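Analysis of the macromolecular model
Read off the chains here:
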Amino acid sequence: MSALNNIILVAVGILLTVASIWYGQNHHLLPASAADSAPLFDSLFNSTITVATGIFLIVQGVLIYSAIRYRKRRGDEGDGAPDHGNVLLEIVWTAVPAIIILWLGVASLDVYQAINSGVDAGGHAHSGMAMAMEESSYEAKDPSYAYTPVVVSGGEVGQPDLVVQVQGMQYAWVFTYPESGLVASELHLPLNKRVRLDMTALDVNHAFWVPQFRLKQDVIPGRETHLEFVPSKLGEYPIVCAELCGPYHGVMGGQLFVDTPEAFASWQEEQILAARSDGSTLALAPEVQPESAFAKAQHHRLGIPEDIHVLHRQFGSQSSG
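Bear in mind the structure is a predicted one, so any value in this text is a computation, not a measurement. Residue positions are counted from 1 within each chain, in the order its sequence is given. A pLDDT threshold of at least 70 governs which residues receive local features in this predicted model, and a stricter bar of 80 or more applies before side-chain atom pairs are shown or counted, although totals over entire chains, interfaces and linings include all residues. Only heavy atoms go into the side-chain values, all of them from the structure, while hydrogens and water stay out.

A separate point is the side chain of histidine 188. Within the secondary structure, histidine 188 is located in strand S5 (residues 187-190). The buried category is assigned to histidine 188, whose relative accessible area is 7%. In protein, a polar contact means a hydrogen-donor-capable atom and an acceptor-capable atom, both N or O and within 3.5 Å, with residues adjacent in sequence counting only if both atoms are side-chain atoms; elsewhere, any N or O pair within 3.5 Å suffices. Among the polar contacts listed, one links the side chain of histidine 188 to the side chain of glutamate 186, at a separation of 3.2 Å. Side-chain polar atoms of histidine 188 contact the side chain of tryptophan 267, separated by 3.3 Å. When sequence neighbours within four positions are dropped, the list of residues in contact with histidine 188 reads Leu162, Tyr177, Phe257, Asp259, Phe264 and Trp267. Working definition: helices are DSSP H or I runs of at least four residues, strands are E runs of at least two. Numbering for both runs from the N terminus. When a residue's accessible area, from a 1.4 Å probe over protein chains only, is under 20% of the maximum for its type it is buried; when over 50% it is exposed; and in between it is partly exposed. Should any heavy atoms of two residues lie within 4.5 Å, those residues are considered in contact.

Okay, structure coming up:
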């Protein structure tokens, strides 16, 4: 290979590397983050996009180069020169993907440990998380217990500032605030306060997903799953059910509001007072109406028959029969 070809090859390599890194940091595929846990996921996702972009450009570049360089020319009716047995090339295309997959696996495991055991991506354990693990060890012995905490990078797990019970049902979310007794169909959270969601489902499997928080957790009947995080940005965010849960799964959603602590306290007071006065608002005290009232309201809003659970049971019995 001539010196000029070497220079061109190095220049192309540098150009591909720069392009991959730039796109990996500027792809805009994720919505703006709104929780302190999001950067941990974004860093891994950006690294994956960078590697994937580099591989895509290399593969497509080689294909285009080969299609042009080795195209059939006019008057050429013979076969091309046989070319096989390049040991060095085979080693490279085997070793490079293996190294990339190994690196992605180690990086993913590092993030997974940071999420589930309180270890930062750099491998530093949080003492607070260790204490929490010891305190909750009895829960791990329960086979029905599925604990999935999300640890904020650089933070420590301790007693959450707010606990919210989340119930998923076809096709609505119900949020209960145990401290105030408030039940609502909207999730309001205070800014920069550690929140824990205790989640379960009433009928079928659902998945609680807030894309801006980079959080997604299965919600399972008969089991309690958890998410723990710190909202870091004021705003309104969609709650999406990411598990196919029935014929109207596509319309099952909700709204998450991150308020200032003062606005959050004011909202709670207003909703409790309004519920006790006429019982017609989005938020109701639990002693006023049962939780099934929220599902009925959602069914009316979405145009879903209120007796859909009866229809499901009938359809199921017919199918099984």
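To continue, consider the packing of aromatic side chains. Two rings from Phe, Tyr or Trp (for Trp, the six-membered ring) form a pair when their centres are within 6.5 Å of each other. A pair whose planes differ by under 30 degrees is stacked, one over 60 is edge-to-face, and the rest are tilted. In this structure the tally under the stated criterion is seven aromatic pairs. Three or more aromatic residues joined by ring pairs form one cluster here, namely Tyr177, Phe264 and Trp267. The criterion for a charge sitting over a ring is simple: Lys NZ or Arg CZ within 6 Å of the ring centre, and within 35 degrees of the ring normal. In this structure, lysine 216 packs its charged tip against the face of tryptophan 209, placed 5.5 Å from the ring centre.

Let's shift gears to the side chain of glutamine 170. With respect to the helices, strands and loops of the structure, glutamine 170 is situated in the loop between strand S2 (162-169) and strand S3 (172-177). At a separation of 2.5 Å, a polar atom in the side chain of glutamine 170 contacts the main-chain carbonyl oxygen of cysteine 245.

Turning to the environment of isoleucine 239, a few remarks are in order. Mapped onto the fold, isoleucine 239 is located in strand S10 (residues 235-241). Residue contacts for isoleucine 239: discarding those within four places in its chain leaves Trp173, Phe175, Leu187, Phe208, Trp209, Val210, Met252, Gly253, Gly254, Gln255 and Leu256.

Turning our attention to the UniProt feature "transmembrane region" (unreviewed entry) in the protein chain. According to UniProt, the positions carrying the feature "transmembrane region" (unreviewed entry) are residues 7-24, 44-66 and 87-106. Between the end C-alpha atoms of residues 44-66 the distance is 33 Å, and the span holds 100% helix and 0% strand. UniProt positions are given in the numbering used here, feature names are shortened, and annotations may be inferred rather than shown by experiment.

Moving on: the nonpolar core. Within the largest apolar cluster, 35 residues are counted, with the highest numbers of intra-cluster contacts made by Leu187, Leu197, Phe208 and Phe213. The element best represented in this core is strand S6 (residues 195-201), accounting for four residues. With residues up to four places along the chain from it excluded, the contact list for leucine 197 reads Val164, Val166, Leu187, Phe208, Thr225, His226, Leu227 and Phe229. In this description, a nonpolar core means a group of buried Ala, Val, Leu, Ile, Met, Phe, Trp, Tyr and Cys residues linked to one another through side-chain atoms lying within 4.5 Å. Core analysis: the second largest hydrophobic core is formed by five residues, Leu40, Ala107, Val111 and Ala114 among them.

Attention shifts here to the sheet that holds S10. Taken in spatial order, the five strands of this open sheet run S5-S11-S10-S7-S8, and their pairing is mixed. In the strand order of this sheet, the two ends are held by S5 and strand S8 (215-219), each with one partner. Pairwise comparison of adjacent strand axes, ignoring direction, gives a mean angle of 25° for this sheet. Being paired, for any two strands, means DSSP has found at least two bridges between them. When strand S7 (residues 206-210) meets S8, the two strands line up antiparallel, connected through five bridges. To define axes, lines are fitted to C-alpha atoms, for helices over the stretch in contact only, and angles between the resulting N-to-C directions are given on a 0 to 180 degree scale.

Another point: the confidence of the model for the protein chain. Scored by pLDDT, the protein chain comes out at a mean of 78, with 72% of its residues at no less than 70. In this model, residues 118-156 is a region of pLDDT below 50 whose contacts with residues beyond four sequence positions or in other chains number 72 contacts. The score called pLDDT rates the predictor's confidence residue by residue, from a low of 0 to a high of 100. Contacts for the low-pLDDT stretch residues 284-288, under 50 throughout, to residues beyond four places or in other chains number 16 contacts.

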